[in-house]
Amino acid sequence: MRIGGWLAWRRARETDDLNEELGAHLDMAMAERIARGESPHDAKLNARRDFGNPGLAQELARDQWSVVGRWIEQASQDARFAARTFRRAPAFTAITIATIALGIGASASIFSVVNSVLLRPLPYPHAEQLVRLEDDYLATGARDVGMSTPEWRDLQRSGAFSAISPTWFDNNNLTGQAHPERVGLLIVAPNYFSLLGVQPQLGSVFDRNDPTPGFNGQVVISDGLWKRAFGSDSTVLGRVVQLDSDSYRIVGVMPPGFQAPERASGARGTEVWPAMGFAGNPITTWAQRSPLFPGAIARVRDGLSIADAQRRVDALVETLRHQYPADYPATIDWRVRLVPLRDYILGDVRQPLLFLFGAVGLVLLIACTSVANLLLIRATARSRELAVRQAMGSGPSRLMRQLLTESVLLSLVGGALGVAIAYAARGSILHWVPDSVAQLNAVTMDWRVVLVAFGLSLVAGVLFGLAPMAQVRRLDLTNVLKQEGRATTGSGDQQRTRRALVVAEFAVSLTLMVAAALLVRSFRELLNAPLGFDPHGVTVVRTRLPYPNDSTEDLYPNAGAEAPLLREIIRRGSALGGVREVAVGSGAAVPLDHPEQDQAVLRLVLDRRASANNGDNTPVWTTASEVTPEYFHLLRIPLVRGRLFTSFDTDSSPLVAVVNESMARQYWPHVDAIGQRVKTSPRATQWTTIIGIVGDTRSDSVTAPRHPQIYASLYQRQGKHLAIFVRGQVETGAIERNLREQVQAINAALPVFGARSLDETVTASLSPRRFAMMMIAAFAAVALGLASLGIYGVVSFMVTERGQEIGVRVALGAQRSDVLRLVMRQGVEVALIGAGVGLVGALAAARVMAGILYGVRAWDPWTFTAVTAGLVSVAIVACYLPARRALRVDPLLAMRG
Amino acid sequence: MVRRSPPTSRIELLQGTLDLIILQTLRWGPAHGFGIMKMIQSQSSNTLQVETGSLYPALQRLLRQRVIAAEWSVSASNRRIRIYRLTAKGRERLAAERSQWKRLTEVMAALMQRPASDEP
């Protein structure tokens, strides 16, 4: 110990000095005696005798310590003493440290996630100015529907923003280097990078004032792609790559770690950024005021708050609505909402994460309570030692400091271990954190996490050190010392404190257990929820038709041109081994898994004749997908009424559509939906006739059973992002290879990728819930364990304490059952009070959780009853184990004791 | 604290007075430990005898309170000795304690002059 060494050195020097000073004193006394006429011998003896205590110098040196020095010395003495005591009580020490380590470790783990995800700002300069612009049609309930180029231009002129860039994610086939590969690309405006304030590591970004209406032919690539596909070649700048069938020139390479600030993980992993003006080829409809690209990011002008900017945008929106009443009818209530970019990326992660953080806080609370209880029990057992030390002259303050040193030492060791646990677990925590816990910042343990963990353990150490200290102050020396040899136990006061602690533990445990039970029940409900389709045995493989910038080069410009390809894919796919059924759909047709670029929200115009719906052309928003006729049977989606698509519904026959029951009910509540007509966009010229109604599916989210949905035939409305559905006994890897072979035999340029079983997709869509459920359940289990340990301790000490009394009772003829009841009553009482308090907490927690529950009411009486009963029975077992010992009390021994 | 001597010739020091006496002694100039001891002895005509076991702890205490300061010097017999002197803070303390002491002795004297009825 370096401090110890320094102290020893300082003391040795002080002692030397004092020795020298005192030696001089002695010399002078001697000289004086000699001068008075004593013989040198006598003078020496007398002077020595007068001088007195020869150890004076050492004593003085010790006394001489400054207050701090003495404090440090005593603290290290206390620490050494504490270490010795801990060595003598290894079980107590191990349990205590483990408890603290568990509490701190769990808290530090969750905090490291919270810290990275919620607390750290996005890694861009002035990230607080960055927002995502979302268009809503409030009256129809449609949110974030996307934006059009005219709206983008209007917003840029609003004065609220210094820059706005649309972002449009897509997948593309990248060729022009060794191996063709699928890359994620984010189509942005030329001002995108300067808006974010990021610099490339190589080359340059786009000229932010580039006026090119279409693609400007330049791309910026990610560091990952640069390393993987170009071997970190610095001459990559200026190289031409093929994206689908078009050529682009690489102008810049982003630095490592740069991710696109998008919500979807696919889009965050963007590797190529092409720039365009969103006002030219290949987009022909850009001048329309209907959603074109999925959204935009913007930087609020310097000096404006987001609220200021929102006000300006609101005013602009108001003007535009008056200016273009046909595009923005009052009935849809168009709005543009500014969402702080970080909130947008986090999505709905914040609430579950804070919820988890709260839960882990409760676990820490329980851990602290347990440790306080353990220390209290230990202090009781040591009251004799403490009394002896006090009788020998240790002041109460010194004893208290000793106890405090012990608890702080324990908590610091526990805290260090906890940080180590959190550090070791950081990988697996990440593994459990679902992908949707979006983070641009990697989850890491930084100084903040370590600081918080140690701060927590220090505070906890002082707090639970206080409990036994209160006891020392009340230590009654004579009483304790009088109980020679006998086991000493807590006074009534101590018992009360201990019981209060156990009550708290039970209360918190119950709260956590109810939360866990509600989540587990929600999850089970979700697993058993009727999906409306049958995912078992279905595998989805994706492909994408090229989308050349020059539409005259498009091999598949419309549904008619695409039809032969679809038929051939189905024919060849059906012939593969193990395959029983094949269907093709647009990306949006894949249940529970539609990446942003596949989302299709149609703005339908209902036919006037459908007078049930106010008789006007109110546009309605509904999710749409395009499928081949085989789709419904393959997914076992039942036909309710009417008919499904047939091979006679082609691009040359009248447009038809199938809707689900929810859609039929919602838009044609009083008339039969079959035979009704809709337009699939306000500018569509042809009417589409509803020919059939199918069952509802939970295709948007397992939690959303009723979701209006319209299906069109892929042979009438083309899709470029295609999903090939295969039912049969196939293995995902093999089917992807086989289908690739078949599809590329039709057109070698078509990529085939992303094979995934539908079962897996369903499971993955539930993974955030599974994460929350597992965590809370684990916390609840830990809490229950600690609380049981607490009640076990209380009862077993009571048995020891009242051993004599029990002996007397048995001698006087008490029955086993009487003794058992006597002992257990106290423990069970504590558990019941704890459960009572916990119920209040659980009700509050359930209210907070209401939003994330499914299929179970927040205040579900069954859950509350079952959990309370479970908790009480665990408490009874925890009481029974030590209570049994009371039965074995030998009356003779007990009374003699 | 102070050697218990025959009650007739020597007086037991009141607690805390030693500090005051040391400060008072140092008023005449810096001195080493032995010198302080001799001066107290001679000034009290040998009535007060201070033990080394009390003197040096008192000196250390006063050093810590920063009312005296110490520095090393060399004696006539060529030994390293520690010389103590009053600090400014020490002078203030001395002045305050002297007036307090004066009041105390006056009160004590007044009290002691009253006839003690309960004495045998």
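Residues numbered from 1 in each chain as written. Chains lettered and ligands numbered in written order. Predicted model: local features only at pLDDT ≥ 70, side-chain atom pairs only at ≥ 80, totals over all residues. Heavy atoms only, no water.

## So, the overall build of chain A
Here is step 1 of the chain: A count of helices and strands for chain A gives 27 helices and 21 strands.
Here is step 2 of the chain: In chain A, which comprises 897 residues, the share counted as buried stands at 53%.
Here is step 3 of the chain: Of the contacts formed within chain A by residues at least 6 apart in sequence, a portion of 81% connects residues at least 24 apart.
Here is step 4 of the chain: Surface summary for chain A: the accessible area is close to 39000 Å², and the carbon and sulfur share equals 57%. (Helix = DSSP H or I, 4+ residues; strand = E, 2+ residues; numbered from the N terminus. Buried < 20%, exposed > 50% of the residue type's maximum accessible area, 1.4 Å probe, protein only. Contact = heavy atoms within 4.5 Å. Areas by Shrake-Rupley, 256 points an atom, 1.4 Å probe, with all protein chains shown as cover.)

## Side note on the interface of chain A and chain B
Here is step 1 of the chain: Between chain A and chain B, the contact holds 20 residues from the first and 18 residues from the second.
Here is step 2 of the chain: With both sides pooled, the region where chain A packs onto chain B buries about 1900 Å², and carbon together with sulfur makes up 53% of that total.
Here is step 3 of the chain: Remark: the boundary between chain A and chain B carries 4 salt bridges.
Here is step 4 of the chain: Residue Arg-79 of chain B is joined to Asp-27 of chain A by a salt bridge in which the shortest nitrogen-to-oxygen separation is 2.4 Å.
Here is step 5 of the chain: Linking chain A to chain B there are 7 residue pairs in polar contact (both at pLDDT 80 or more).
Here is step 6 of the chain: Residue assignment for the side of chain A that touches chain B shows that the elements contributing at least two residues are helix H1 (2–35), helix H2 (40–51) and helix H3 (56–63) of chain A.
Here is step 7 of the chain: Here the side of chain A that touches chain B takes 12 residues from H1 of chain A, the largest share from any one element. (Buried area = accessible area lost by both parts, 1.4 Å probe. Salt bridge = Lys/Arg side-chain N within 4 Å of Asp/Glu carboxyl O. Polar contact = N/O pair within 3.5 Å; in protein donor to acceptor, adjacent residues only side chain to side chain.)

## Description of a nonpolar patch on the surface
Here is step 1 of the chain: On the surface, Trp-101, Leu-104, Val-107, Met-108, Leu-111 and Met-112 of chain B cluster together into a nonpolar patch covering about 580 Å² of accessible area.
Here is step 2 of the chain: Residue classification places Met-108 of chain B among the partly exposed residues on the basis of a relative accessible area of 39%. (Patch = residues over 30% accessible without salt bridge, like charges linked within 9 Å, V, L, I, M, F, W, Y side chains within 5 Å.)

## Here we look at helix H2 (residues 33–43) of chain B
Here is step 1 of the chain: All buried positions along H2 of chain B are accounted for by Gly-33, Phe-34, Gly-35, Ile-36, Met-37, Ile-40 and Gln-41 of chain B.
Here is step 2 of the chain: One or two positions beyond H2 of chain B, positive phi appears at Ser-45 of chain B, with a value near 50°.

## Brief notes about the sheet that holds strand S3 (residues 80–86) of chain B
All names here are of chain B.
Here is step 1 of the chain: If you walk across this open sheet you meet the 3 strands as S1-S3-S2, and the pairing is antiparallel. With one partner strand each, in any of the chains shown, strand S1 (31–32) and strand S2 (68–74) form the two edges of the open sheet.
Here is step 2 of the chain: Bridge count for S2 against S3 is 7 bridges, and the pairing is antiparallel. Bridge pairing in S3 links Trp-72 to Arg-82. (Pairing = 2+ DSSP bridges.)

## Details of unusual backbone geometry
Here is step 1 of the chain: Here the phi dihedral of His-126 of chain A falls at roughly 45°; this positive angle occurs in a residue that is not glycine.
Here is step 2 of the chain: Here His-126 of chain A is to be found in the loop between helix H5 (90–119) and strand S1 (130–137).
Here is step 3 of the chain: His-126 of chain A sits in the exposed class, given a relative accessible area of 53%.
Here is step 4 of the chain: Even without being glycine, Arg-66 of chain B reaches a positive phi, approximately 60°.
Here is step 5 of the chain: Inspection of the secondary structure puts Arg-66 of chain B in the loop between helix H3 (52–64) and S2.
Here is step 6 of the chain: Using a relative accessible area of 59% as the deciding quantity, one classes Arg-66 of chain B as exposed.

## Quick word on the pairing of strand S19 (residues 709–713) of chain A
Moving residue by residue along a regular strand, the side chains alternate between the two faces of the sheet.
Here is step 1 of the chain: Among the 5 residues that make up S19 of chain A, 5 are buried, leaving the element largely enclosed by the rest of the structure.
Here is step 2 of the chain: Neither face of S19 of chain A is exposed, since Gln-709, Tyr-711 and Ser-713 of chain A on one face and Ile-710 and Ala-712 of chain A on the opposite face are all buried.

## Quick notes on the environment of Tyr-328 of chain A
Residues and elements named next belong to chain A.
Here is step 1 of the chain: For Tyr-328, the location among the structural elements is in the loop between helix H10 (306–323) and strand S10 (334–340).
Here is step 2 of the chain: By relative accessible area, which is 2% here, Tyr-328 ends up buried.
Here is step 3 of the chain: Placed 38 residues apart in sequence, Tyr-328 and Ser-290 show a C-alpha to C-alpha distance of 9.3 Å.
Here is step 4 of the chain: Leave out the neighbours within four places in its chain, and Tyr-328 touches Glu-151, Arg-289, Leu-320, Arg-321 and Trp-334.
Here is step 5 of the chain: In this structure the side chain of Tyr-328 is engaged in a polar contact, spanning 2.7 Å, whose partner is the side chain of Glu-151.
Here is step 6 of the chain: Reaching out from Tyr-328, the side chain makes a polar contact with the side chain of Arg-289 at a distance of 3.0 Å.

## Looking at the pattern of salt bridges
Residues and elements named next belong to chain A.
Here is step 1 of the chain: The final tally for this structure, using the stated rule, is 36 salt bridges over all chains.
Here is step 2 of the chain: Here Arg-542 ties to Asp-593 by a salt bridge, and the two come within 3.2 Å at their closest N and O atoms. Of the two residues, Arg-542 is situated in strand S11 (residues 538–544) and Asp-593 in the loop between strand S12 (579–586) and strand S13 (601–606); the sequence distance between them amounts to 51 residues.
Here is step 3 of the chain: Between Asp-672 and Arg-641 there is a salt bridge; the shortest N-O distance is 3.0 Å. On the criterion of sequence distance, the pair formed by Asp-672 in the loop between helix H20 (661–667) and strand S17 (677–679) and Arg-641 in strand S15 (residues 639–642) is long-range, its members being 31 residues apart.
Here is step 4 of the chain: The partly exposed category is assigned to Asp-672, whose relative accessible area is 39%.

## Observations regarding the pairing of strand S7 (residues 246–253) of chain A
Residue and element names in this part refer to chain A.
Here is step 1 of the chain: The element S7 is largely enclosed, with a buried count of 6 among its 8 residues.
Here is step 2 of the chain: Of the pairings in the sheet, the one linking strand S4 (residues 202–203) to S7 comprises 2 bridges and is antiparallel in character. Within the sheet, the bridge partner assigned to Leu-202 lies in S7 and is Val-253.
Here is step 3 of the chain: For strand S5 (residues 215–221) and S7, the ladder comprises 4 bridges, and the chain directions are parallel. Paired with Ile-221 across the strands is Val-253, a residue of S7.
Here is step 4 of the chain: Between strand S6 (residues 240–243) and the antiparallel strand that follows it, S7, lie 2 residues; Asp-244 among them carries a positive phi value of about 55°.

## Here's the deal with the packing of aromatic side chains
Residues and elements named next belong to chain A.
Here is step 1 of the chain: As enumerated under the stated definition, the model contains 19 aromatic pairs over all chains in all.
Here is step 2 of the chain: Ring geometry for Tyr-192 against Phe-193: centres 5.1 Å apart, planes inclined by 85°, an arrangement best described as edge-to-face.
Here is step 3 of the chain: Ring geometry for Phe-193 against Trp-273: centres 5.6 Å apart, planes inclined by 70°, an arrangement best described as edge-to-face. Linking Phe-193 in helix H7 (residues 192–196) with Trp-273 in strand S8 (residues 272–276), this pair joins segments that are 80 residues apart in sequence. Accessibility classification places Phe-193 together with Trp-273 in one group, the buried group.
Here is step 4 of the chain: One aromatic cluster in this structure is built from Tyr-124, Tyr-192, Phe-193, Phe-206, Phe-258 and Trp-273. (Phe/Tyr/Trp six-rings, centres within 6.5 Å; stacked < 30°, edge-to-face > 60°.)

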